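# Survey of secondary and tertiary structure
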Amino acid sequence: MKKHGLLFMAGICLVVLVFGHLHWKNMSQAAGIEGKKAEERIKEKEKEEREALIQSLKPENNKQQPLIDYLHYKSLTQDKVIVSLVGSNGTSGTGASNTSKSWTGRLEKSLRANRDDLEPLNFINHGHEGYSTEDLLKGKKIEAVIKDDPDLIIFENSLINNHYQSLSLEQTEKDLESIMSKLQKELPNAKILIISPNPVASGKTENSLGLNYLDYIQASEQVIKTKNWTYMNSKEEIEKKLKNKNMRLADILTNDNIHPNDQGHYIWFEVMEEYFKK
């Protein structure tokens, strides 16, 4: 009798274990299904938020869009985002102790740090020391920019070298129009920002044509204004920064009194960073 009781108890325990296992299995499956559904809902929400962000950053809906938002939009809709820089000494980084201390190097690093989605960002530098606008055209440096197929072009108008090489204002204006014509024709969807070079200590010194650096700035700005091109006067913005910081021009230039030193490149970077966020 005792033996039958033990067998009966064992049978009950077995039944409990079997049903318990089945119940646990069903619960686990249900939890797994619910977990997958929750994961799908999260992914769907992230997808909707991403799409909403893309729509809010769409250039067609933002005529006065800051450049950083434009690059953000491009990074969300493309595998890579290219910024091509072309110009002379300022763009090449002359005067900076190394590339990372130049305004171009600092700007790229800052943009990447500012937005997580800007990882696809790639700067390609076509700055050439000593090049005038004429040199950029003859050396086919504009064709090199076109080959990049960039989303944004930053063109430093090579006016310091135009002044130094005594190119006429007429030639300077003609070169500017030729450069922009090539870029706009071959890269109709790219944004183009023209910037002036940095201030120099010899800004009022006349060349063999009796022209000073400011004459070249003003002549170029007249063309830019007439054509309604996007432009930022780096020279004036840097000078404003110097005044606010109670600094002298000599503090930010190398011994040649022309090229910005590390401090000068940093202030130029500050000017560019603020412009990108406007």
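Right above here is the structure, for reference.
We now turn to the structure provided with this report.

Scoring rules and cut-offs
- Residues numbered from 1 in each chain as written.
- Predicted model: local features only at pLDDT ≥ 70, side-chain atom pairs only at ≥ 80, totals over all residues.
- Heavy atoms only, no water.
- Buried < 20%, exposed > 50% of the residue type's maximum accessible area, 1.4 Å probe, protein only.
- Helix = DSSP H or I, 4+ residues; strand = E, 2+ residues; numbered from the N terminus.
- Pairing = 2+ DSSP bridges.
- Right-handed = clockwise from strand over helix to strand, strands pointing away.
- Core = buried A, V, L, I, M, F, W, Y, C linked by side-chain atoms within 4.5 Å.
- Contact = heavy atoms within 4.5 Å.
- Axes fitted to C-alpha atoms, helices over the stretch in contact; angles between N-to-C directions.
- Parallel < 35°, antiparallel > 145°, perpendicular 65-115°, else oblique.
- Left-handed = near helix turned anticlockwise from the far one by under 90°.
- Phe/Tyr/Trp six-rings, centres within 6.5 Å; stacked < 30°, edge-to-face > 60°.
- Lys NZ or Arg CZ within 6 Å of the ring centre and 35° of its normal.

## A word on the pairing of strand β4 (residues 191-195)
Across the five residues that make up β4, a large majority, four, are buried. With two bridges joining them, β4 and strand β5 (residues 231-232) adopt parallel strand pairing. If you follow I195 over to β5, its bridge partner there is M232. The β-α-β motif built from β4, the intervening helix α9 (residues 213-227) and the parallel element β5 has right-handed crossover chirality.

## Description of the nonpolar core
With 29 residues, the main nonpolar core has L71, W103, L107, L111, I154, M272 and F276 as its most contacted residues. At the level of elements, α2 (67-77), β1 (81-87), α4 (103-114), β2 (121-127), β3 (152-156), β4, α10 (234-244) and α11 (262-277) are the ones that each hand at least two residues to this core. Here this core takes seven residues from α11, the largest share from any one element. Leaving out residues up to four positions away in the same chain, L111 has contacts with I68, L71, L118, L121, F123 and F276. In this structure, I146, A190, I224 and W229 belong to the second largest nonpolar core, which totals 19 residues.

## Regarding the packing of helix α6 (residues 141-148) against helix α8 (residues 169-186)
Look at α6 against α8: their axes get within 10 Å of each other, and the N-to-C directions meet at 20°. One finds that α6 runs roughly parallel with respect to α8. Crossing of α6 against α8: the hand is right-handed. Only I179, K182, L183 and E186 of α8 make contact with α6, whose side of the interface consists of I142, E143, V145 and I146.

## Some points on the packing of aromatic side chains
Across all of its chains, the model carries two aromatic pairs by this definition. Ring geometry for W103 and W268: centres 5.3 Å apart, planes at 25°, overall stacked. Taken together, the residues W103 in helix α4 and W268 in helix α11 connect sequence positions 165 residues apart. As far as the burial class goes, W103 and W268 line up, both buried. Aromatic side chains Y266 and F269 sit 5.7 Å apart centroid to centroid with 55° between the ring planes, which places their arrangement in the tilted category. Placement of both Y266 and F269 in helix α11 is noted, with a separation of three residues, approximately one turn of the helix. We classify Y266 as partly exposed; its relative accessible area is 31%. The ring of Y70 carries the charged tip of K191 above its face, separated from the ring centre by 5.1 Å.

Shape descriptors only; they carry no functional weight alone.
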